[in-house]
Amino acid sequence: MKTLSPDITYRSIIGITYPIILSMFSMNIMVFADRAFVARYDLVEFAATLPAGNTATAIANLFIGMIAFVSTLISQYYGAGKYERCASSMWQGVYLSILFSAVLLLLSPWTSLMFDMLGHTGELLVYEKRFFHLILLSSCVQLFSTSVSGLFRGVGDTKIIMIAAIAGNLCNIALDWLLIFGNLGFPEMGGINGAGTATIVGCLFTLIIYLAMLFLPKYKDSFGSLRNFRPDKEAILKVIRFGFPAGIQAFVQTGYYSLLLIIIGGIGEVSLAAANIVFTIEGLSIFPVLGLGTAVGIVAAQERGAGRSERIPTVVRKGIMLSLVFSALIIVLFNVLPVALISIFQDHDNRGMFEHIKQAALPLVRITSVWIAFDTMVILLTNVLKSIGDTFFIMVVYLTMPVIFYLVFPYWICVVHGRPLIWIWWDLLIYTFLMLGLVTVRFRSGRWKRIHVIHSQAADA
C-alpha cells in the first residue's frame, strides 16, 4: 500500500494538478460541442439551452457542492491512515446522493415554473422546460459520480478522474452528433432532446468507469471499497454539516454571475458582447488555477488528517509560487496579445459592430490579467480552508461580498449613473483584492486549527 509522501514537493503537487486540468478542459470542449451542435440544428432550441442549463446547474450545485465534501473527508482519513474509513465515507455520499436525487426530481416540476414566471412563452418555453428537466436528470447521475470519484480525488489518484471524465465527455460529444442530427441510422432527436440525452448517457458512462475502478486491488483490498458500505450516521452528519455551506457557496456563485450578466445586458448589446468575450477568455484561462487549487486542497487535507498541520503553510506557499508563475504568463499574454484573443470571437458578417466590441473589450482584458493574478491566490486559499473544514466562513464570505460587488455596485454604477462598462471591471478588481485580504487574514489567524473534521489523535494533535 502506497503511503502518504512525507515530502511536499512541487512535483507532487503538479502530479495531482495536471489530470484535474485535463478533466476540466475536456468538460469545456464537451460544453462547447453541445452548444455548437444545438445551434447548428435550431437557434430557438439553442437559445433555450443557456437559461435552462444554467438554472438547472445552479440548483444542482447546491447538492453537488455538499456531496463534494466527501472527498475532503476521505483526504483527511487517508492522511490519518484510516483507509477503510475512506471507502465508508464514499458510500455515505452515495446514500446522500439517493436522497438528493429524489429531492431534485420531486422539485423539478415546480422549479421549472420559474420560466413561466419570467414571461417566457411559445416554443422557447417548451424547450427551456424540457432541457431543464433533462439537465436535472443528468445532475442526479453526477451526484453519484461526485460521491464515488471522491475516493480517488481524496487519495490523490486524479488520473482515474481524468480518464473517466475524458471518456464520458467524448461519449457525450459522439452522441450529440448521432442523436441531434440522426447520423449513422440513429433517430433524429433534435437539439434539446438529443443534447440532453447525450449528456445523461455521457454522465452514466463516466459513473460506470468510476464504479469499475472500485474493483481494482488497491481499492478493493486496501480500502475495502466493496465491503465498507454500511450506513454511518456520524459520517453522513459530517458531510451535511460541513458540506452544506460548500453547497450554498457553489449555488450562489452561479447565481451571482448570471445576475451580473443581466445587469450588464441593461447597458447595451455591445457591452454585453464585450463582457461575454472577456469572461469566456478568463474562464478558459482559469482552468489551470482551478486544478491547482483542488490539488493543493487535497494535499492540505491529507496533512491535516495526518496531524501535520504545521506543514500546511508550506503546502500553501508552494501552491502560491506555482500560481504566481502562471499569473505572470497570463499578464504577459493578456497585455501583449489582447487583440488576437478578442479576435477569436470576430463576426466577419458584422465587422462594424465587432470593432466597437473590440474597443470595449481591450481595456477589460488588460484589467482581467491583474484580476486573475489576485484570483489565483483567492482560489487556492479558499480551497485550502474548505479542505480543512472551514466551510462556514467561506459560505458567509461568498454570501455577502458578491452581493455588494457583483450586484449592488454594478447596478448603482452603470444602471443608475450610466457609467461605462470598464467601471464594473474596476469594481471586480477591487472585489478580488478584498477577497484575497479576507481569506489571507483568515488563514494566517490559525482559527482553522480549532476545526476537526475527523476525530483522531492524528487530526487533534
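Above this text you will find the structure in question.
Residues numbered from 1 in each chain as written. Predicted model: local features only at pLDDT ≥ 70, side-chain atom pairs only at ≥ 80, totals over all residues. Heavy atoms only, no water.

*Asks:* Which residues make up a nonpolar patch on the surface, and what are the values?
*Replies:* Together, Tyr10, Ile14, Tyr18, Leu22, Met321 and Leu324 line one region of the surface with nonpolar side chains, adding up to about 520 Å² of accessible area. If you list the elements that add at least two residues to the nonpolar patch, you get α1 (10–41) and α13 (312–336). Considering every element that reaches the nonpolar patch, the biggest residue donor is α1, with four residues. You can see Leu22 is positioned in helix α1. Leu22 sits in the partly exposed class, given a relative accessible area of 38%. (Patch = residues over 30% accessible without salt bridge, like charges linked within 9 Å, V, L, I, M, F, W, Y side chains within 5 Å. Areas by Shrake-Rupley, 256 points an atom, 1.4 Å probe, with all protein chains shown as cover. Salt bridge = Lys/Arg side-chain N within 4 Å of Asp/Glu carboxyl O. Helix = DSSP H or I, 4+ residues; strand = E, 2+ residues; numbered from the N terminus. Buried < 20%, exposed > 50% of the residue type's maximum accessible area, 1.4 Å probe, protein only.)

*Asks:* Break down the packing of aromatic side chains for me, with residues and values.
*Replies:* How two aromatic rings sit relative to each other is set out by the distance from centre to centre and by the angle between their planes. Considering all chains together, one arrives at 19 aromatic pairs under this definition. Centroid distance Phe37 to Phe181: 5.9 Å. Interplanar angle 80 degrees. Geometry classified as edge-to-face. Taken together, the residues span a long stretch of sequence, with Phe37 in helix α1 and Phe181 in helix α7 (residues 158–181) at a distance of 144 residues. Its relative accessible area of 15% is what places Phe37 among the buried residues. (Phe/Tyr/Trp six-rings, centres within 6.5 Å; stacked < 30°, edge-to-face > 60°.)

*Asks:* Give a detailed account of the side chain of Thr391, specifying residues and quantitative values.
*Replies:* Structurally, Thr391 can be placed in helix α16 (residues 391–416). At 2.8 Å, the side chain of Thr391 forms a polar contact with the backbone oxygen of Phe242. Residues within four places of Thr391 in sequence aside, it is in contact with Phe69, Phe242, Pro245, Ala246 and Lys386. (Polar contact = N/O pair within 3.5 Å; in protein donor to acceptor, adjacent residues only side chain to side chain. Contact = heavy atoms within 4.5 Å.)

*Asks:* I'd love a proper account of the pattern of salt bridges, names of residues and values included.
*Replies:* Oppositely charged side chains can form a pair if their charged atoms are brought close together. Here the structure, examined in full by the defined rule, presents eight salt bridges. Note that Asp232 and Arg85 form a salt bridge whose closest N and O atoms lie 2.8 Å from each other. Of this pair, Asp232 sits in the loop between α9 (217–222) and α10 (233–265) while Arg85 sits in helix α4 (residues 83–111), and the two are 147 residues apart along the sequence. Among the ionic pairs, Asp390 bridges to Arg442, the shortest N-O distance being 2.7 Å. In this pair, Asp390 sits in the loop between α15 (351–388) and α16 while Arg442 sits in helix α17 (residues 422–445), placing the two residues 52 residues apart along the sequence. A network of salt bridges, in which partner residues are shared, links Glu303, Arg308 and Arg311.

*Asks:* I'd love a proper account of the packing of α1 against helix α12 (residues 287–305), names of residues and values included.
*Replies:* The N-to-C vectors of α1 and α12 enclose an angle of 135 degrees; their axes lie 8 Å apart at closest approach. Viewed along their axes, α1 and α12 adopt a mutual orientation that is oblique. When you trace α1 past α12, the crossing you get is right-handed. For the pair α1 and α12, contact is made by Ile13, Ile16, Thr17, Ile20, Ile21, Met24, Phe25 and Asn28 and by Phe287, Pro288, Leu290, Gly291, Leu292, Thr294, Ala295, Val296, Ile298 and Val299, respectively. Of the residues contributing to the contact of α1 with α12, the split by class is 14 nonpolar, four polar and no charged. (Axes fitted to C-alpha atoms, helices over the stretch in contact; angles between N-to-C directions. Parallel < 35°, antiparallel > 145°, perpendicular 65-115°, else oblique. Left-handed = near helix turned anticlockwise from the far one by under 90°. Nonpolar A, V, L, I, M, F, W, Y, C, P; charged D, E, K, R; others polar.)

*Asks:* I'd like a description of the packing of α1 against α13, backed by residues and values.
*Replies:* Between α1 and α13, the shortest axis-to-axis distance is 10 Å and the interhelical angle comes to 70 degrees. Relative to α13, the element α1 is oriented roughly perpendicular. α13 is crossed by α1, and the crossing has right-handed handedness. Of the residues in α13, those touching α1 at Tyr10, Ile13 and Ile14 are Val315, Lys318, Met321 and Leu322. Here the contact of α1 with α13 is composed, by residue class, of six nonpolar, no polar and one charged.

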